[in-house]
Amino acid sequence: MISADIIKMNSGWPLTNNLSQDAAMTTRAANPREPEHEIVTGGANVLEWETSDERMKITSKVPDSISSLLTGDWKCEPDDSVKPDIEEAASHCSPSALEKAEKDIEKAPDKCLRRLMVPRTRLVPIIMQLAEIYPKSSIQMSGFFLYPENGGYMGWHTNSDSPCTRVYITHVKEGEKSFFRYRLDGEYVTSWDKAGWNLRQFEVTKENPMWHCVYAEEPRLSVGFRINRNLL
Ligand SMILES: [Fe+2]
């Protein structure tokens, strides 16, 4: 069952360019294909990775059954402190910013983003779809954000206070203007967003923290989940 607000979709995004303005702001992610209006059930959904190693897997082939549920209007929580500055964003996401970190940062104190309001009626079908991909797991929403254009970011952090599998599904219109950057075993990797949908799955551990950050020059929708494979 899908609520009506999920069905009205697909008219290009963003609706608004000025993301530093007030409260009742909505944004919209466009699915290039016609959305499914029914949840596909029965049989496990399997993701087809384009990049895959032990800690990080990436694909732009996000199943329609999920992207269609994320497509449409999202309301943002009011936040007057969101003032994008592209140089500030680039600086906070630079390797040199991380080199200055003296200890673990579990949650990023520095960020420029808007939090989305997520009605339960809309969240539940998304989690049901993810359960097809990640069976016998507990799946929790971890953060639904809209990074504003020209300086949206989340600074370096590890999330090491919450070891689990993390899944972030993102949408950008143009691509190659926003990224997820991470450092693992001393090596920096910049994973640029492709146009449309991208899904990244990575493993958060306490022992070998994977530092990561996010940078955006165009509006970037990002929905995250913590996945604990604890029901096996
Ligand atoms: Fe994170």
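Quick look at the structure, then. Here the structure is a predicted model, which is why all the values come from computation and not from measurement. (Residues numbered from 1 in each chain as written. Predicted model: local features only at pLDDT ≥ 70, side-chain atom pairs only at ≥ 80, totals over all residues.)

On to the overall build of the protein, then. A tally of regular secondary structure across the protein gives 5 helices and 14 strands. Looking at the protein as a whole, 35% of its 232 residues qualify as buried. A separation of at least 24 residues holds for 83% of the contacts in the protein among residues at least 6 apart in sequence. (Helix = DSSP H or I, 4+ residues; strand = E, 2+ residues; numbered from the N terminus. Buried ≥ 20, exposed ≤ 12 C-beta atoms within 10 Å, placed from the backbone. Contact = placed C-beta atoms within 7 Å.)

The next subject is unusual backbone geometry. Despite not being glycine, asparagine 150 shows a phi value in the positive range, around 55 degrees. Mapped onto the secondary structure, asparagine 150 falls in the loop between strand E7 (138–147) and strand E8 (152–157). The residue asparagine 159 is not glycine, and still its phi comes out positive at about 60 degrees. In this structure, asparagine 159 sits in the loop between E8 and strand E9 (164–172). For asparagine 159, a count of 23 C-beta atoms within 10 Å translates into the label buried.

With that settled, consider the nonpolar core. Membership of the largest hydrophobic core comes to 37 residues, with the highest contact counts inside it found for Leu146, Tyr147, Tyr153, Ile169, Cys213, Val214 and Tyr215. With residues near it in sequence (within four places) discarded, tyrosine 153 still touches Ala89, His92, Cys93, Lys111, Cys112, Tyr147, Cys213, Val214, Tyr215 and Ala216. (Core = buried A, V, L, I, M, F, W, Y, C linked by C-beta atoms within 7 Å.)

Let us now look at the pairing of strand E10 (residues 178–184). Inspection of the sheet shows E10 paired to strand E13 (residues 211–216) by 6 bridges, in the antiparallel sense. Directly across from arginine 181, in E13, lies its bridge partner cysteine 213. Examined bridge by bridge, E10 and strand E11 (residues 187–192) share 6 bridges and lie antiparallel to one another. Within E11, the residue paired with arginine 183 across the bridge is tyrosine 188. (Pairing = 2+ DSSP bridges.)

What is shown is where atoms sit, not what they do.
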